[in-house]
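Per-entry structural report
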2 protein chains.
Amino acid sequence: MLTTDRLRHPDLFARITTADVAANLIADGMSVGVSGFTPSGYPKKVTLALAAAVKAGRRCRINLFSGASVGPEIENALAEVDAVARRTPYYAASNAAMREGINAGRIAYTDQHLSHLAPQIDCGFWGPIDVAIVEAVAITREGDLILGPGVGNTPMFVKHAKTVIVEVNTAQPLELEGMHDIAILPKPPFRREIPIYAPGDRIGETVVRCGIERIAAIVESDIPDRVRNLEPASPDQVRMAANLVEFLKHEQRKGRLPQRMLPLQSGVGSIANAVLAGLGQSDLEDLTLYSEILQDAVFELIAAGKVRQASGCAFTPSPAVLARFRADPELYRRALVLRPLDISNHPEVIRRLGVIAINTPLEFDVYGNANSTHTGGTRMMNGIGGSGDYMRNGYLSIFVTESTARDGAISRIVPMVAHPDHTEHDVMVFITEQGVADVRGLDPRERAQVIVANCAHPRYRPLLLDYLKDAERLGGHEPQALARAFEFHLNLARRGAMDRAAEPADALL
Amino acid sequence: MLTTDRLRHPDLFARITTADVAANLIADGMSVGVSGFTPSGYPKKVTLALAAAVKAGRRCRINLFSGASVGPEIENALAEVDAVARRTPYYAASNAAMREGINAGRIAYTDQHLSHLAPQIDCGFWGPIDVAIVEAVAITREGDLILGPGVGNTPMFVKHAKTVIVEVNTAQPLELEGMHDIAILPKPPFRREIPIYAPGDRIGETVVRCGIERIAAIVESDIPDRVRNLEPASPDQVRMAANLVEFLKHEQRKGRLPQRMLPLQSGVGSIANAVLAGLGQSDLEDLTLYSEILQDAVFELIAAGKVRQASGCAFTPSPAVLARFRADPELYRRALVLRPLDISNHPEVIRRLGVIAINTPLEFDVYGNANSTHTGGTRMMNGIGGSGDYMRNGYLSIFVTESTARDGAISRIVPMVAHPDHTEHDVMVFITEQGVADVRGLDPRERAQVIVANCAHPRYRPLLLDYLKDAERLGGHEPQALARAFEFHLNLARRGAMDRAAEPADALL
């Protein structure tokens, strides 16, 4: 039951309604923005109700805007009933129905740098936002929204939405109040600096401005975020983390990094979490994060006194870590700041702070281009997310991944990436369990030798060197043998392993 | 003869020496930074003397740092005698000996986003700078340097150089004094905002700080910059410019661009110049530029009262336009600001001002990736330059090019770019003489259809559609037929035209 600590003005109670009624506010063809970022702080009940209505025969296909991928109550529920016409700016492989719809071309998915969407909506590039569905912890006396643990693009959706639906979720702790720092940046020619000079700096308010009149419906919810527990770090991941720590300490010894480490950014997923945990186990002290997402390891590092300040647009605590938060919210509230996505990922702030960007690619090539999104160049796996925002603007840009996948059938290092998301100009360092390739200042031929020798798995090194030798016959600044550039990918598709050469009898792909 | 208007402290005269003596300060293996940006404001005499010494038998291979490509007195003179070991951050095809050295792999060339080099030097990523050779218009009483028309990375080279050599060039007009706005940005964690809120804002000084004691040699010069006259606009370029103007006005009508146009950035070369000239002939008024390089068209637009303010890191007037500058320097001094490259191309300022980025690619593909650098994926043509800095951070990012080259043998639109410099995430609009493809908000399949229909030449449309149809058989979010992705490039290499299919008898490339 919603009480006055969750709805802080009497008039708000009159707006409580059912999810079914709220879902009826969403019509076919509408553009709908949802709160949240990854399975954190996203609405659940209204989209489940909408999906049920569509399943029961109502025609409704929407354009779905979010911060990033959100939970199954949105992604799968709507995709399973074909209720999504368009999707942006991010999608993650864990949502099967959405994945199938996107890869079949039924859902028109636009994969974007995450820092770009909010300003583009503000400037009218995406047309009107008809409805915003926001999960809130509470609504203030003024009708403003106290968000859950994921901010994403919510402030911009609320600014533009003709209709605002709020799910007040009693499963989200009220102690989240005060952790947010919400600001809407002006449009050009009225933009000013973003006055963030340290990860913990605050420039806005703790609420998303809305106003009671603009709230069309309030729906009570108690469905918890569907945060999955992360896999424990594998031995290879532990080695990758150790390689990263050694590299950072080497940079400190060379005077290229200050003794008080610059702010870190770490991507999504188990590799990123393992890498951050590895940093925590090192003797590096007094760390800060200016990142997109704050996963479990950040909480461990705060509790251990290793991390002073951490800024993100969301945090995604597993159930165990959420319990820890509830037990000592003051500790985490002091250390954490949750911002809108266009500020957490803003090139101005990333470059100013000198963020050390650490992300995980699907594959990278001998010359240093990276694929973050498409397996085999065609199938969307995960969106590019914020990796480009950070890699392009970071003080150091580092990709970390295992050298192989699928028991060695896939080499993460290939002659040429089958889909470029980051170019050779954007990455300084590659790290696998095999070692570290620091390619700063190298020309393409040198980069290729260092990447193969230091990062590729021994199983694939001879093949990569053979490609380079063949490419060298044609010469040029960056030698390529275009007719063979996708040999690894074609081998995999035709014969099940990147080093299993196709035979003439194989069907031509 | 150097006089006291050029050397403003008596002690400076004692440092005058010959180019040969100055060249002797440069030893084998040294890292040498030169002033200038494109054939504008670069030193000439010392490098010519060094090249002559090497030709006569002295062993000297240097690491050459600059702002961008510079003139033949550096690029060709040094490359012809094999005196360049490394080169960064930019190179342009017009310098034949440098081109050959880079493509043969004799010269280790690192192609970089231009905004990146200065801060990376400051942070120690490139090792020490041994020598800076700076062309100056004059040296002040304090020993500080008044630069010519190209700033580039000169302030950072001078900051770090152990030895500073100054060429004082009497062929450069003294009226350049006062046009520069020089600031050196701090390193993290001490960075603050860059307080530029309009293209004409000034944040620094008009000189590069140096000091008399640090000047090891002064060499007199009177060699003019080797600025080539640009080709007059072709009919296709006129059509491209008209398409751009129409697009911008359409955006104004839709309310997505303000009536007072946002600042423009325009790349290097004749297409860029033609596009800018086309803007000048439109009824758009009160234009500003926040750009890297300011070519002839900018001067015309200033004289015509169309451009109020123009910021760049260099201007490159042809001989005719230089005469115009000399005739009324006050007019241009009011309108122009010359900045260091890391400020002219800084993502913070570009995004804040809402710059409309307009650049020219070598080729782009059906899904919106662009190649700015490598023909056939292997041979370096021109570096990426600042295009990435602007395209990634611009309010609008626009690529403009002809749909074909070499009498139609080359299609600028290909199934897959053979070298990615800009990914599909970074480009919003493509313009050729055929039309405009506005791909904002489209998914890959939609992008491909719009790009082929609106931008590709009719000769190549059926082939591109055939590729897409074949790719569609395999499906996926962004369908590719990897075995055929470089068919256009292989046709060109084997048979001389992108639409001339190779026959089995052709040698496998």
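Conventions and cut-offs
- Residues numbered from 1 in each chain as written.
- Chains lettered and ligands numbered in written order.
- Predicted model: local features only at pLDDT ≥ 70, side-chain atom pairs only at ≥ 80, totals over all residues.
- Heavy atoms only, no water.
- Helix = DSSP H or I, 4+ residues; strand = E, 2+ residues; numbered from the N terminus.
- Rg over C-alpha atoms; globule rule 2.2 N^0.38 Å.
- Buried < 20%, exposed > 50% of the residue type's maximum accessible area, 1.4 Å probe, protein only.
- Contact = heavy atoms within 4.5 Å.
- Areas by Shrake-Rupley, 256 points an atom, 1.4 Å probe, with all protein chains shown as cover.
- Lys, Arg positive; Asp, Glu negative; His and termini not counted.
- Charge placed at Lys NZ, Arg CZ, Asp CG, Glu CD.
- Domains from an automatic or database assignment.
- Buried area = accessible area lost by both parts, 1.4 Å probe.
- Salt bridge = Lys/Arg side-chain N within 4 Å of Asp/Glu carboxyl O.
- Polar contact = N/O pair within 3.5 Å; in protein donor to acceptor, adjacent residues only side chain to side chain.
- Nonpolar A, V, L, I, M, F, W, Y, C, P; charged D, E, K, R; others polar.
- Pairing = 2+ DSSP bridges.
- Phe/Tyr/Trp six-rings, centres within 6.5 Å; stacked < 30°, edge-to-face > 60°.
- Lys NZ or Arg CZ within 6 Å of the ring centre and 35° of its normal.
- Least-squares fit on C-alpha atoms with pLDDT ≥ 70 in both.

Helix and strand counts for chain A stand at 18 helices and 25 strands. The C-alpha atoms of chain A give 23 Å as radius of gyration, which agrees with the globular expectation for 509 residues (23 Å, within 12%). The C-alpha extent of chain A, read off along each of the three principal axes, is 75 × 55 × 45 Å. Residues counted as buried form 66% of the 509 residues belonging to chain A. A separation of at least 24 residues holds for 73% of the contacts in chain A among residues at least 6 apart in sequence. For chain A, the computed accessible surface area is about 16400 Å², with 52% contributed by carbon and sulfur atoms. Across chain A, the centroid of the 54 positively charged side chains sits 1 Å from that of the 60 negatively charged ones.

As a further point, take the domain arrangement of chain A. All names here are of chain A. Annotation of chain A at the domain level lists domain 1 (10-221) and domain 2 (355-509). Distance from the C-alpha centre of domain 1 to the C-alpha centre of domain 2: 36 Å. Listed per partner, the contact involves 14 residues of domain 1 and twelve residues of domain 2. Here domain 1 packs against domain 2, burying approximately 1000 Å² in sum over the two surfaces, 49% of which is carbon and sulfur. When the buried area of domain 1 at its contact with domain 2 is split by residue, Asn103, Asp111 and His113 rank highest and sum to 43% of it. Across the salt bridge formed by glutamate 100 and arginine 379, the nearest N and O atoms sit 3.3 Å from each other. In this assembly, domain 1 and domain 2 are joined by nine residue pairs in polar contact (both at pLDDT 80 or more). Looking at the side of domain 1 that touches domain 2, its residues break down into seven nonpolar, four polar and three charged.

A separate point is the environment of Thr47(B). All names here are of chain B. With respect to the element layout, threonine 47 can be found in helix 3 (residues 45-55). Classification of threonine 47 by relative accessible area gives buried; the value is 4%. Once residues lying within four places of it in the same chain are set aside, the contact partners of threonine 47 are Glu73, Ile74, Leu78, Ile133 and Glu167. Within the local environment of threonine 47, its side chain forms a polar contact with the backbone oxygen of lysine 44, the two atoms lying 3.3 Å apart.

Residues and elements named next belong to chain B. Pairing is mixed in the open sheet, where three strands are placed in the order 17-16-23. The outermost strands of the open sheet, each flanked by one partner alone, are strand 17 (370-371) and strand 23 (413-414). Pairing between strand 16 (residues 363-365) and strand 17: two bridges, direction antiparallel. Bridge assignment links phenylalanine 364 to a residue of strand 17, and that residue is alanine 370.

As a further point, take the packing of aromatic side chains. Counted according to the given criterion, the structure contains 21 aromatic pairs over all chains. Both rings, one in Phe299(A) and one in Tyr332(A), keep their centres 5.2 Å apart while their planes meet at 40 degrees; by these two values the pair is tilted. Of the two residues, Phe299(A) sits in helix 10 (residues 296-303) while Tyr332(A) sits in helix 12 (residues 329-335), which places them 33 residues apart along the sequence. For Tyr332(A), a relative accessible area of 1% corresponds to the buried category. Measuring from centroid to centroid gives 5.8 Å for Tyr460(B) and Phe488(B), while their planes differ by 45 degrees, and the two rings are tilted. Here Tyr460(B), found in the loop between helix 16 (444-455) and helix 17 (461-474), pairs with Phe488(B), found in helix 18 (residues 487-495); they are 28 residues apart in sequence, far enough to count as distant. The same class applies to Tyr460(B) as to Phe488(B), namely buried. A connected cluster of aromatic rings, assembled from ring pairs, spans Phe299(A), Phe315(A), Phe325(A) and Tyr332(A). We note Lys44(A) situated over the ring of Tyr42(A); from NZ or CZ to the ring centre the distance is 4.2 Å.

Now for the relation of the copies chain B and chain A. Rotating chain B by 180 degrees and moving it 0.0 Å along the rotation axis overlays it on chain A with an RMSD of 0.0 Å. Each copy turns onto its partner about a two-fold axis. When C-alpha distances to the rotation axis are compared across chain B, the minimum falls at Glu348(B), with a value of 2.2 Å. A share of 100% of interface residues in chain B that are also interface residues in chain A marks the association as one of identical surfaces.

Every contact between the two is made by 83 residues of chain B and, on the other side, 83 residues of chain A. For chain B, the biggest contributors to the area lost against chain A are Arg351(B), Arg392(B) and His425(B); these three give 12% of the whole. Applying the counting criterion to the chain B and chain A interface returns six salt bridges. Salt-bridge contacts for Arg352(B) lead to Glu348(A); the nearest nitrogen and oxygen are separated by 3.5 Å. Along the contact surface separating chain B from chain A lie 44 residue pairs in polar contact (both at pLDDT 80 or more). Where the side of chain B that touches chain A is concerned, the elements lending two or more residues are helix 5 (96-103), strand 4 (108-109), helix 14 (347-353), strand 19 (379-380), helix 15 (387-393), helix 16, helix 17 and helix 18 of chain B. In terms of residue count, the dominant contributor to the side of chain B that touches chain A is helix 14 of chain B (five residues). When grouped by side-chain class, the residues that make up the side of chain B that touches chain A number 33 nonpolar, 28 polar and 22 charged.

A separate point is the sheet that holds strand 16 (residues 363-365) of chain A. All names here are of chain A. Taken in spatial order, the three strands make up an open sheet running 17-16-23, and their pairing is mixed. The sheet is open, and its two edges are formed by strand 17 (370-371) and strand 23 (413-414), each paired on a single side. Note that strand 16 and strand 23 share two bridges and pair parallel. Bridge pairing in strand 23 links phenylalanine 364 to isoleucine 413.

Residues and elements named next belong to chain A. Here strand 15 (residues 356-359) shows two buried faces, one formed by Ile356 and Ile358 and the other by Ala357 and Asn359. Sheet topology note: the strand 9 (residues 264-266)/strand 15 ladder contains three bridges and is parallel. When the bridges of strand 15 are listed, glutamine 265 appears paired with alanine 357. In the sheet, strand 15 pairs with strand 20 (residues 396-400) via four bridges, with the strands oriented parallel. Paired with alanine 357 across the strands is serine 397, a residue of strand 20.

Our next topic: the pattern of salt bridges. Pairing between side chains of opposite charge can happen when their charged atoms approach one another. The full count for this structure, using the stated rule, is 74 salt bridges over all chains. The residue Asp499(B) makes a salt bridge to Arg459(B) at a minimum N-O spacing of 2.7 Å. With a gap of 40 residues between them, Asp499(B) in the segment after helix 18 and Arg459(B) in the loop between helix 16 and helix 17 connect regions that are remote in the sequence. Residue classification places Arg459(B) among the partly exposed positions, given a relative accessible area of 33%. Note that Glu487(B) and Arg484(B) form a salt bridge whose closest N and O atoms lie 2.8 Å from each other. Take Glu487(B): its relative accessible area is 28%, and that puts it in the partly exposed class. We classify Arg484(B) as buried; its relative accessible area is 18%. If you follow the salt bridges from partner to partner, you end up with Asp466(A), Asp470(A), Arg473(A), Arg484(A) and Glu487(A) in one network.

Residues and elements named next belong to chain B. Considering the arrangement of structural elements, one finds glutamate 433 in the loop between strand 24 (429-432) and strand 25 (435-438). One buried charge, glutamate 433, has no salt-bridge partner; the nearest side chain with opposite charge is arginine 239, at 6.5 Å. A distance of 2.6 Å separates a polar atom in the side chain of glutamate 433 from a polar atom in the side chain of serine 403. Within the local environment of glutamate 433, its side chain forms a polar contact with the side chain of glutamine 434, the two groups lying 3.0 Å apart. The residues contacting glutamate 433, other than those within four sequence positions of it, are Asp236, Arg239, Met240, Asn243, Thr401, Glu402, Ser403 and His457.

All names here are of chain A. Within strand 5 (residues 131-139), nine of the nine residues are buried, leaving the element largely enclosed by the surrounding structure. When strand 1 (residues 31-34) meets strand 5, the two strands line up parallel, connected through three bridges. Paired with valine 34 across the two strands is isoleucine 133, which belongs to strand 5. Bridge count between strand 5 and strand 7 (residues 163-169): five bridges; the pairing is parallel. Following the sheet pairing, valine 131 is matched in strand 7 by threonine 163. Two elements, strand 5 and strand 6 (residues 145-147), share three bridges in a ladder whose sense is antiparallel. The residue bridging isoleucine 139 from the neighbouring strand is leucine 145, located in strand 6.

Turning our attention to the side chain of Gln120(B). Tracing the backbone through its elements, the reader meets Gln120(B) in helix 6 (residues 117-122). With near-sequence residues (within four places) excluded, Gln120(B) lies in contact with Met428(A), Gln112(B), Phe125(B) and Trp126(B).

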